[in-house]
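Below are the chains, spelled out letter by letter.
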Amino acid sequence: MNLNMSGKRALVSGGLSTLGRAVVHTLATEGVEILFTYRSEGKAEEARELCRSISQSYDVYCNAVCLDFLSASSISAALSEVAAIFPTLDILIHNAGVFTLNTQSSLTEKQWDEVMDVNIKGFWRLIKGVDPLLKSPHGAVVAVSSINAERPGFGLTAHYDASKGAVSAYIRSLAAEFSPRKIRVNGVAPGLLYRENLIQENPSLVDTYVQRSLTSSLVDVQSVSSMVVYLASSAASAITGEIVTIDGGYSLT
Ligand SMILES: NC(=O)c1ccc[n+]([C@@H]2O[C@H](COP(=O)([O-])OP(=O)(O)OC[C@H]3O[C@@H](n4cnc5c(N)ncnc54)[C@H](OP(=O)(O)O)[C@@H]3O)[C@@H](O)[C@H]2O)c1
């Protein structure tokens with residue numbers, strides 16, 4: 001399918017994450033110009049390396065800005081940089097997210113705030129910051145929620161699940177608010193993503209997931225990034241306020 005996205009401009013939060021990298025690659029294959037965020041200066045070289053590799057492999061513009069969702073000054077500096085580089089934006093993708101495993105009694109207030117500040121307040125801050133840049137008509141916002149938003153998670157994740165529940169609700173309400181400007185807002189709700197070392201890190205979680213999923217597998221990251229990019233494209237012009245579950249049928253069992 002030709003998504004007809006060449007020359008469009010996208011901002012992606014959390015571009016160095018497992019899913020963020022896949023989204024950046026998929027956007028680049030469609031000829032989209034990309035700005036992605038990374039959290040700290042300690043990752044600046046990694047970000048530059050990804051930009052170099054994207055620009056060389058796909059011959060598209062790719063740049064990165066440092067943005068820490070826990071710092072109001074970092075966010076405002078980053079959003080000024082974004083506006084200077086991309087005075088208009090076709091696509092915003094909020095992918096950055098924090099996931100921790102805790103019982104609710106052991107979770108500290110700082111940990112609760114971090115999950116909320118990145119996952120949901122960060123989404124609002126991005127929306128507020130890029131609102132004047134977003135193309136109207138034809139702008140598109142896509143956010144990464146989780147299957148945990150709609151059903152109990154894997155245990156020890158009530159705080160994360162609450163933050164993603166808020167992300168999903170925000171997506172639907174924002175779609176309604178932005179509809180007069182013809183800016184679409186959608187989301188994806190992935191199940192457990194396949195990534196290197198996950199089996200060694202958490203074998204019981206992987207086992208439980210694989211046994212319950214209808215595809216007997218973890219979720220392929222490319223399936224999610226392809227859906228994110230499709231939702232951001234004009235091929236999805238009739239879709240807004242939707243959250244697409246991508247979990248290999250895990251939620252059905
Ligand atoms: N992994 C899964 O199985 C799964 C399942 C469902 C949904 N999701 C969602 O999918 C998205 C991507 O997941 P992932 O597993 O690919 O992510 P990940 O590898 O765990 O990376 C987390 C991302 O969030 C960014 N981030 C964390 N704290 C931040 C902060 N304070 N300020 C700015 N950025 C911050 C990180 O930036 P740096 O890399 O620069 O530190 C990184 O890009 C998340 O929203 C996650 O909740 C994941």
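Below, the structure is looked at part by part.

Calculation rules
Residues numbered from 1 in each chain as written. Predicted model: local features only at pLDDT ≥ 70, side-chain atom pairs only at ≥ 80, totals over all residues. Heavy atoms only, no water. Phe/Tyr/Trp six-rings, centres within 6.5 Å; stacked < 30°, edge-to-face > 60°. Helix = DSSP H or I, 4+ residues; strand = E, 2+ residues; numbered from the N terminus. Buried < 20%, exposed > 50% of the residue type's maximum accessible area, 1.4 Å probe, protein only. Bend = angle between axes of the 7 residues up to and from the residue. Contact = heavy atoms within 4.5 Å. Near = heavy atom within 4 Å. Polar contact = N/O pair within 3.5 Å; in protein donor to acceptor, adjacent residues only side chain to side chain. Areas by Shrake-Rupley, 256 points an atom, 1.4 Å probe, with all protein chains shown as cover. Nonpolar A, V, L, I, M, F, W, Y, C, P; charged D, E, K, R; others polar. Salt bridge = Lys/Arg side-chain N within 4 Å of Asp/Glu carboxyl O.

1. Regarding the packing of aromatic side chains
Tallied over the full model, the rule gives four aromatic pairs. Between the aromatic rings of Tyr 61 and Phe 86, the centroid separation amounts to 5.9 Å while the plane-to-plane angle is 55°, which identifies the pairing as tilted. Of this pair, Tyr 61 sits in the loop between α2 (44-58) and β3 (62-66) while Phe 86 sits in the loop between α3 (72-85) and β4 (91-94); the two residues are 25 residues apart in sequence, bridging distant segments of the chain. Classification of Tyr 61 by relative accessible area gives partly exposed; the value is 34%. Here Phe 86 falls in the buried class, since its relative accessible area comes to 2%.

2. Examining helix α4 (residues 109-130)
For α4, the principal kink sits at Lys 121 and spans about 45°. For α4, the full list of buried residues reads Val 115, Met 116, Val 118, Asn 119, Ile 120, Gly 122, Phe 123, Arg 125, Leu 126, Ile 127 and Val 130. As for α4, its buried residues are in contact with β1 (9-12), α3, β4, β5 (140-144) and α5 (158-178).

3. Points about the site of the ligand
Surrounding the ligand, one finds 26 residues, the nearest of these being Leu 19, Arg 39, Asn 95, Tyr 160 and Leu 193. Thr 18 is positioned such that a nitrogen or oxygen atom in its backbone is 3.2 Å from an oxygen atom of the ligand. Between Gly 97 and the ligand, the recorded distance is 3.2 Å, taken from a backbone N or O atom to an oxygen atom. About the coverage of the ligand: the protein hides 85% of its 890 Å² of free accessible area. Elements that contribute at least two residues to the shell around the ligand include exactly α1 (18-29) and α5. The residue makeup of the shell around the ligand, split by class, is 14 nonpolar, eight polar and four charged.

4. Side note on the side chain of Asn 95
Relative to the assigned elements, Asn 95 resides in the loop between β4 and α4. Setting aside residues no more than four positions away along its own chain, Asn 95 makes contact with Ser 13, Gly 14, Ser 17, Leu 19, Gly 20 and Val 144.

5. Quick look at the pattern of salt bridges
Under the defined criterion, the tally for this structure stands at 11 salt bridges. With a closest N to O distance of 3.0 Å, Glu 46 and Arg 21 form a salt bridge. Here Glu 46, found in helix α2, pairs with Arg 21, found in helix α1; they are 25 residues apart in sequence, far enough to count as distant. Residue Glu 46 is classed as partly exposed on the basis of its relative accessible area of 35%. On the accessibility criterion, Arg 21 (28% relative accessible area) is partly exposed.

These figures come from the coordinates and say nothing about function on their own.
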